[in-house]
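Next come the chains, spelled out residue by residue.
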Amino acid sequence: MTDDTRPQWDDLWTNVHLATLAPGTGYGEIRNGAIAVKDGRIAWLGPHANLPSKAQVQREHNGQNCWLTPGLIDCHTHIVYAGNRSNEFEARLNGVPYEEIARQGGGIISTVKATREATEEALLKSSLPRVQALLNEGVTTLEIKSGYGLDIATESKMLRVARKISTLFPVRVKTTFLGAHALPPEYKGRADDYIDLVCSEMLDTLVGEELVDAVDAFCENIGFTRAQTERVFRAAQKHKLPVKLHAEQLSDQDGSSLTAQYNGLSADHLEYLSSNGVRAMAQAGTVAVLLPGAFYYLRETRLPPIEVLRQHGVPIAISTDCNPGTSPLTSILLTMNMACTLFRLTPLEALTGVTRHAAQALGLQHETGSLQPGYWADFSLWAIDRPGDLAYAIGFNPHCATVFKGRVVDKNYRQT
């Protein structure tokens with residue numbers, strides 16, 4: 001007779017050190033640990049010495065003394081786009097003002113033009129290398145925004161490509177509709193009319209196609225007003241979609257407080273965030289997503305109010321903000337280092353910012369982002385001496401392996 005009380009596990013990882021990142025534990029270090037998986041989820045974890053002696057395991061893996069962390073999460077990207085703006089980067093460094101570049105058809109409108117003209121297949125092909133670069137650094141969850149179409153057909157095309165990525169690669173993709181990203185040229189001088197389109201036909205169509213997980217907007221002097229942003233939030237609310245916001249990047253429009261008012265998942269950028277905005281975010285549980293790549297690339301000098309965020313207990317996530325104009329960054333590890341060197345985050349805050357807090361910024365904090373029983377078995381293995389090493393080195397990738405929903409990902413991004 002068999003003992004039906006014995007644990008039945010699909011996979012068991014041993015000879016690993018765990019950084020669980022569970023709430024209230026710091027790194028949550030368990031040296032000489034083990035972690036068990038059943039049906040794609042974490043079934044057990046703890047010190048190897050505490051392993052249940054009678055557990056039945058189908059596959060056992062030797063972690064080769066690696067550190068094992070939650071799979072990393074890039075919670076703010078514009079990774080699906082067509083075209084290239086390196087010529088603008090060079091022009092700016094040669095003294096051409098951004099306004100002149102924009103008048104010549106550059107800036108976001110050049111990306112919109114290229115993305116509108118690209119076929120769905122071409123758009124997917126151009127996006128895949130950027131996704132692969134992130135997967136090479138242990139990313140298992142990825143947020144992808146639209147916003148380079150600014151019309152129904154192209155926004156739909158971008159979001160379909162984002163959904164397609166999750167079927168081609170072992171990565172969880174959350175899609176965000178960013179129709180209120182910029183004013184398309186055909187609506188010049190008619191911003192309210194364009195917001196009408198975003199809030200009605202555009203959003204209705206994309207929701208009907210089941211392409212939208214959340215709604216975002218760009219609330220800024222060069223973007224959309226607070227009142228226009230609130231109209232977008234109300235439209236999202238009617239569809240029972242969570243909201244987030246590009247807020248306080250260039251000026252204080254009080255967008256963070258508005259986001260908190262609508263129980264937003266996150267407010268992102270935040271260089272000009274006020275104390276009132278911080279308090280509102282803290283009360284609502286809205287995550288502060290910091291984007292050091294854009295800060296670096298634009299040579300900004302005003303820092304987000306890190307210490308005030310800490311004092312009020314606002315969760316801090318960080319992300320690449322991968323986009324063609326202001327952060328062509330596809331390294332989550334470099335993003336962690338930038339967050340420490342530019343924003344003075346600690347290595348623990350940086351790692352938490354691409355795991356547990358990044359998961360919260362996507363509404364996934366009860367499914368992934370830390371190593372806990374019942375969570376998805378998304379984790380990465382690293383040849384490092386301690387978890388803080390992940391934010392330490394520049395241009396060095398100690399990634400050894402990725403496990404997504406319990407299955408090992410091989411070098412061709414297939415689950416085995």
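Residues numbered from 1 in each chain as written. Predicted model: local features only at pLDDT ≥ 70, side-chain atom pairs only at ≥ 80, totals over all residues. Heavy atoms only, no water.

Caption draft 1: Just the sheet that holds strand 6 (residues 139–145), in detail. Spatially, 5-6-7-8-9-10-11-12 is the arrangement adopted by the 8 strands of the open sheet, whose pairing is parallel. The sheet terminates laterally at strand 5 (72–74) and strand 12 (316–318), the two strands that pair on one side only. Each strand axis lies, on average, 25 degrees off the axis of its neighbour in the sheet, ignoring direction. Here strand 8 (residues 214–219) runs beside strand 9 (residues 244–247); their pairing, made up of 2 bridges, is parallel. For phenylalanine 218, the partnering residue across the bridge sits in strand 9 and is histidine 246. The strands touched by helix 5 (residues 152–168) are strand 6 and strand 7 (172–180); relative to strand 7, the strand with the most contacts, the crossing angle is about 170 degrees. (Pairing = 2+ DSSP bridges. Helix = DSSP H or I, 4+ residues; strand = E, 2+ residues; numbered from the N terminus. Axes fitted to C-alpha atoms, helices over the stretch in contact; angles between N-to-C directions. Contact = heavy atoms within 4.5 Å.)

Caption draft 2: Region of the structure containing the packing of aromatic side chains. Counted according to the given criterion, the structure contains 8 aromatic pairs. Ring centres of tyrosine 194 and phenylalanine 224 lie 6.2 Å apart, and the angle between their planes is 25 degrees; this geometry places the pair in the stacked category. Here phenylalanine 224 lies in the loop between strand 8 and helix 7 (226–238) and tyrosine 194 lies in helix 6 (residues 191–208), a separation of 30 residues in the sequence. Here tyrosine 194 matches phenylalanine 224 in class, with each residue buried. Here the aromatic residues Tyr187, Tyr194 and Phe224 are joined through ring pairs into a cluster of three or more. Over the face of the ring belonging to tyrosine 81 we find arginine 130, whose NZ or CZ atom lies 3.7 Å from the ring centre. Directly above the ring of tryptophan 376 sits lysine 405, whose terminal nitrogen or CZ lies 4.7 Å from the centroid. (Phe/Tyr/Trp six-rings, centres within 6.5 Å; stacked < 30°, edge-to-face > 60°. Buried < 20%, exposed > 50% of the residue type's maximum accessible area, 1.4 Å probe, protein only. Lys NZ or Arg CZ within 6 Å of the ring centre and 35° of its normal.)

Caption draft 3: Local environment of the state of the cysteines. Enumeration over the complete set of coordinates arrives at 0 disulfides. With no disulfide of its own, cysteine 219 has cysteine 199 as its nearest cysteine by sulfur position, at a separation of 13 Å. Looking at cysteine 400, it has no disulfide partner, and the nearest cysteine sulfur is the one in cysteine 66, 3.7 Å off. By relative accessible area, cysteine 400 is classed as partly exposed at 45%. (Disulfide = S-S within 2.5 Å.)

Caption draft 4: Layout of the pattern of salt bridges. Per the stated rule, a full pass over the model turns up 20 salt bridges. The salt bridge partner of arginine 163 is aspartate 213, with a shortest N-O separation of 3.0 Å. One end of the pair, arginine 163, is in helix 5; the other, aspartate 213, is in the loop between helix 6 and strand 8, with 50 residues separating them in the sequence. The class for arginine 163 is partly exposed, based on a relative accessible area of 24%. Residues glutamate 307 and arginine 310 are paired through a salt bridge, measuring 3.2 Å at the closest nitrogen-oxygen approach. In this pair, glutamate 307 and arginine 310 both sit in helix 11 (residues 306–311), 3 residues apart, roughly one turn of the helix. Owing to a relative accessible area of 44%, glutamate 307 belongs among the partly exposed residues under this scheme. Looking at arginine 310, the relative accessible area reads 31%, which means it is partly exposed. One connected set of salt bridges, linked through shared partners, spans Glu143, Lys145, Asp216 and Lys244. (Salt bridge = Lys/Arg side-chain N within 4 Å of Asp/Glu carboxyl O.)

Caption draft 5: Broad picture of the side chain of serine 257. Position of serine 257 among the secondary structure elements: in helix 8 (residues 255–261). Contact partners of serine 257, with chain neighbours within four places excluded, come to Arg226, Asn276, Gly277 and Ala280.

Caption draft 6: Focus on helix 9 (residues 275–284). Within helix 9, burial applies to Gly277, Val278 and Met281. In an axial view of helix 9, the angular spread of the buried residues amounts to 100 degrees, which keeps them on one side of the axis. Structurally, helix 9 contributes buried residues whose contacts are with helix 8, strand 10 (266–269), strand 11 (287–290) and helix 11. Of the residues flanking the end of helix 9, it is glycine 285, one or two places downstream, whose phi is positive at about 75 degrees. (Arc of directions from axis to C-beta.)

Caption draft 7: Summary view of the UniProt feature "binding site: N-formimidoyl-L-glutamate" (unreviewed entry) in the protein chain. According to UniProt, the feature "binding site: N-formimidoyl-L-glutamate" (unreviewed entry) maps to Tyr148, Asn323 and Gly325 in the numbering used here. Considering the C-alpha atoms alone, the annotated residues occupy 178 residues of sequence yet fold into one spot, their largest mutual distance being 11.5 Å. Taking the relative accessible area as the measure of exposure, tyrosine 148 reaches 4% and is therefore buried. Position of asparagine 323 among the secondary structure elements: in the loop between strand 12 and helix 12 (332–343). Sequence-distant contacts of asparagine 323, defined by excluding residues within four places in its chain, comprise His78, Tyr81, Tyr148 and Pro328. (UniProt positions renumbered as here; feature names shortened; annotations may be inferred.)

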